[in-house]
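This is what each chain is made of:
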Amino acid sequence: MTNSIKWDQRFLKLADEVATWSKDRSTQVGAVIVMKDRAPGPYGYNGFPRQIDDEAEERHNRPAKYKWTEHAERNAIYNAARTGVPLMGCTIYVTHIPCTDCTRAIVQVGIERVVVNAAFQDDPGFEDRWGEDFRLCEEMLTEAGVNIDYVRAGTDVAEED
């Protein structure tokens, strides 16, 4: 399968939709893993683990929320593991650049490509909160041979296959 901006944008829009399911009050993140034949697979959003009360107010405040919240990328990977879906050679579409923890998981499961919605860079506070992780993520993915592409989900392009 060759990369296609049209397909990248479609899957990034799907990741954007999945992100809306997050109850995080400051940043909603979504991830969709796609097989080599463009079949969408497991997805995830940032949120509390299954069976954990996500209505407890004190769990939503920093820094406590970081202890309770799982990231979208790892949730998608865990959902694949839960259902027995192999991820070797897949692409993961994410609304934000992965943190270093999620990047390590992406590398470890054999995902070959990460497509990030470039719109995450429009968040003025992002660099302050995640700038170091952003640089380390890129370094780690490059060293591991995982391709990373930045695409704007809402950009109109000419139709391609």
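Up top is the structure these notes are about.
Residues numbered from 1 in each chain as written. Predicted model: local features only at pLDDT ≥ 70, side-chain atom pairs only at ≥ 80, totals over all residues. Heavy atoms only, no water.

Asks: When you look at unusual backbone geometry in this model, what are you seeing that I'm missing?
Replies: Backbone geometry follows two general trends: most residues other than glycine have a negative phi, and most peptide bonds adopt the trans configuration. Put simply, arginine 62 and proline 63 share a cis peptide bond, and its omega is 0°. At arginine 38, a position not held by glycine, the phi torsion is positive, near 70°. Given a relative accessible area of 18%, arginine 38 falls into the buried group. Within the chain, glutamine 51 stands out as a residue other than glycine whose phi angle is a positive 70°. Inspection of the secondary structure assignment puts glutamine 51 in the loop between strand E2 (40-45) and helix H2 (64-68). (Buried < 20%, exposed > 50% of the residue type's maximum accessible area, 1.4 Å probe, protein only. Helix = DSSP H or I, 4+ residues; strand = E, 2+ residues; numbered from the N terminus.)

Asks: Would you mind showing me how to read the packing of aromatic side chains here?
Replies: We describe a pair of aromatic rings using the distance from one ring centre to the other and the angle between the two ring planes. Here the structure, examined in full by the defined rule, presents eight aromatic pairs. Centroid distance phenylalanine 48 to tryptophan 68: 6.3 Å. Interplanar angle 40°. Geometry classified as tilted. With phenylalanine 48 in the loop between E2 and H2 and tryptophan 68 in helix H2, this residue pair connects regions lying 20 residues apart in the sequence. Ring pairing ties together the aromatic residues Trp7, Phe11 and Tyr93, which thus form one cluster. Of note, arginine 10 hangs over the ring of tryptophan 7, and the distance from its end group to the ring centre comes to 4.5 Å. (Phe/Tyr/Trp six-rings, centres within 6.5 Å; stacked < 30°, edge-to-face > 60°. Lys NZ or Arg CZ within 6 Å of the ring centre and 35° of its normal.)

Asks: Which parts of the structure should I look at to understand the environment of proline 42?
Replies: Within the element layout of this structure, proline 42 appears in strand E2. Note on proline 42: relative accessible area 11%, which makes it buried. Along the sequence, proline 42 and glycine 145 sit 103 residues apart, while their C-alpha atoms lie 22 Å from each other. Contacts of proline 42, omitting those with residues within four sequence positions, involve Ala31, Val32, Ile33, Met35, Ala76, Asn79, Ala80, Val85 and Leu87. (Contact = heavy atoms within 4.5 Å.)

Asks: Where do I start with the sheet that holds strand E5 (residues 147-151) in this structure?
Replies: Strand pairing in a sheet relies on backbone hydrogen bonds. The paired strands run either parallel or antiparallel. If you trace the five strands from one edge of the open sheet to the other, you get E2-E1-E3-E4-E5, paired in mixed fashion. A strand with exactly one partner marks an edge of an open sheet, and here the two such strands are E2 and E5. On average, each strand axis in the sheet is inclined to that of its neighbour by 20°, with strand direction left out of account. Bridge count between strand E3 (residues 91-94) and strand E4 (residues 113-117): four bridges; the pairing is parallel. In the sheet register, isoleucine 92 faces E4, and the bridge partner there is valine 114. This element, helix H1 (residues 5-19), spans strand E1 (30-34), E2, E3, E4 and E5 of the sheet and lies at about 135° to E1. (Pairing = 2+ DSSP bridges. Axes fitted to C-alpha atoms, helices over the stretch in contact; angles between N-to-C directions.)

Asks: Can you walk me through the pairing of E5 in this structure?
Replies: Within a regular beta strand, the side chains point alternately toward one face of the sheet and then the other, so they alternate between its two faces. As judged from the five bridges shared by E4 and E5, these two strands associate in the parallel manner. Within E5, the residue paired with asparagine 117 across the bridge is valine 151. After leaving E4, the chain enters helix H5 (residues 126-144) and then returns to the sheet as E5, a path that is right-handed. (Right-handed = clockwise from strand over helix to strand, strands pointing away.)

Asks: Help me understand the pattern of salt bridges in this model?
Replies: Opposite charge on two side chains lets them pair, provided their charged atoms get close. Applying the stated criterion across every chain yields a total of eight salt bridges. One salt bridge connects aspartate 24 with lysine 65, and the closest N-O pair in it is separated by 3.0 Å. With aspartate 24 in the loop between H1 and E1 and lysine 65 in helix H2, this pair connects stretches of sequence that are 41 residues apart. With relative accessibility at 13%, the residue aspartate 24 sits in the buried group. Of the charged contacts in the structure, one is a salt bridge between aspartate 101 and arginine 104, with a shortest N-O distance of 2.4 Å. With aspartate 101 and arginine 104 both in helix H4 (residues 100-109), this residue pair falls three residues apart, about one helical turn. Residue classification places arginine 104 among the partly exposed residues on the basis of a relative accessible area of 41%. Through salt bridges with shared partners, one network takes in Asp8, Arg113 and Asp149. (Salt bridge = Lys/Arg side-chain N within 4 Å of Asp/Glu carboxyl O.)

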